[in-house]
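Inside the fold
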Amino acid sequence: EAQVTQNPRYLITVTGKKLTVTCSQNMNHEYMSWYRQDPGLGLRQIYYSMNVEVTDKGDVPEGYKVSRKEKRNFPLILESPSPNQTSLYFCASSLPGSVNQYFGPGTRLLVL
Amino acid sequence: QQQVKQSPQSLIVQKGGISIINCAYENTAFDYFPWYQQFPGKGPALLIAIRPDVSEKKEGRFTISFNKSAKQFSLHIMDSQPGDSATYFCAAAKAAGNKLTFGGGTRVLVKP
């Protein structure tokens, strides 16, 4: 089954404790992206990757890091989480030049 | 500053009624306008999309209307069903790339 998976689905952490949210897709998509969803603000892009070892900032990159060492994986790293990073996070993937993005099930993060 | 503004934030409609969601954009470089549907606990999924060379696109009970001069587009859900209860996001993109800019979302509740 074609899908995007994210882990963990739920995470409660404390300010400053580094965490990683994993994302993996099995569709051989070149393009991958991370979004955060906040009420009234829709989905805002954090980082994206056009291919392996090619990443770039989205609209709200502050406080986040990403890496793309393999085509299928695109982890999101919060080096020092803060409460304003409490949000619902989605990973997505697509073929290059396609705006039909396939989204993962989401990771709900609470930073205390 | 949101580049894509969506209204209303929420809407309640009776079964069989029409749901209407409106979006407006600023950037005239956008030339692809998808709508995504998100059920609780799930990631968004592409519902229907339109390019500005047509004024309307219909897929089943879902219709997008597009007004290029006004830089507005809308989603109409005809004969709304309880299974349509979800959050709907409009988005805009430059067709050649992958970046999606989302509206704030509309939570639709269809009452039986």
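Please refer to the structure higher up on the page.
Scope of this entry: the structure provided in the associated data block. (Residues numbered from 1 in each chain as written. Chains lettered and ligands numbered in written order. Predicted model: local features only at pLDDT ≥ 70, side-chain atom pairs only at ≥ 80, totals over all residues. Heavy atoms only, no water.)

Turning our eyes to something else, we now look at the overall build of chain A. The helix and strand inventory of chain A stands at 0 helices and 11 strands. Secondary structure elements of chain A occur, N-terminal to C-terminal, as β-β-β-β-β-β-β-β-β-β-β. At 13 Å, chain A has a C-alpha radius of gyration in line with the 13 Å of a compact globule built from 112 residues. Taken along the three principal axes of its C-alpha coordinates, chain A extends 35 × 30 × 25 Å. Expressed as a percentage of the 112 residues in chain A, the buried residues total 49%. A fraction of 53% describes how many contacts in chain A between residues 6 or more apart in sequence connect residues 24 or more apart. Of the roughly 5,300 Å² of accessible surface on chain A, a fraction of 52% belongs to carbon and sulfur atoms. Both charge centroids of chain A, one from 12 positive and one from 9 negative side chains, sit 6 Å from each other. (Helix = DSSP H or I, 4+ residues; strand = E, 2+ residues; numbered from the N terminus. Rg over C-alpha atoms; globule rule 2.2 N^0.38 Å. Buried < 20%, exposed > 50% of the residue type's maximum accessible area, 1.4 Å probe, protein only. Contact = heavy atoms within 4.5 Å. Areas by Shrake-Rupley, 256 points an atom, 1.4 Å probe, with all protein chains shown as cover. Lys, Arg positive; Asp, Glu negative; His and termini not counted. Charge placed at Lys NZ, Arg CZ, Asp CG, Glu CD.)

All names here are of chain B. Counting 24 residues, the largest nonpolar core has F33, W35, F73, L75 and Y88 as its most contacted members. Counting residues per element, the ones that place at least two in this core are β2 (10-14), β3 (19-25), β4 (33-38), β5 (45-50), β7 (62-67), β8 (72-77), β9 (86-93) and β11 (106-111). By residue number, the principal contributor to this core is β9, which donates 4 residues. Residue contacts for F33: discarding those within four places in its chain leaves Y25, I48, A49, I50, P52, I64, F66, F73, A91 and A92. (Core = buried A, V, L, I, M, F, W, Y, C linked by side-chain atoms within 4.5 Å.)

Moving on, we get to unusual backbone geometry. A cis amide bond, omega -5°, links N7 of chain A with the succeeding residue P8 of chain A. Topologically, P8 of chain A is positioned in the loop between β1 (4-7) and β2 (10-13). The omega torsion across S7 of chain B and P8 of chain B is -5°, close enough to zero to call that bond cis. Locating P8 of chain B in the fold gives a position in the loop between β1 (4-7) and β2. Of note, the phi angle at N28 of chain A is positive, near 60°, even though the residue is not glycine. If you trace the backbone, N28 of chain A turns up in the loop between β3 (19-25) and β4 (31-38). With relative accessibility at 51%, the residue N28 of chain A sits in the exposed group. A positive phi angle, near 55°, is found at K71 of chain B, a position not held by glycine.

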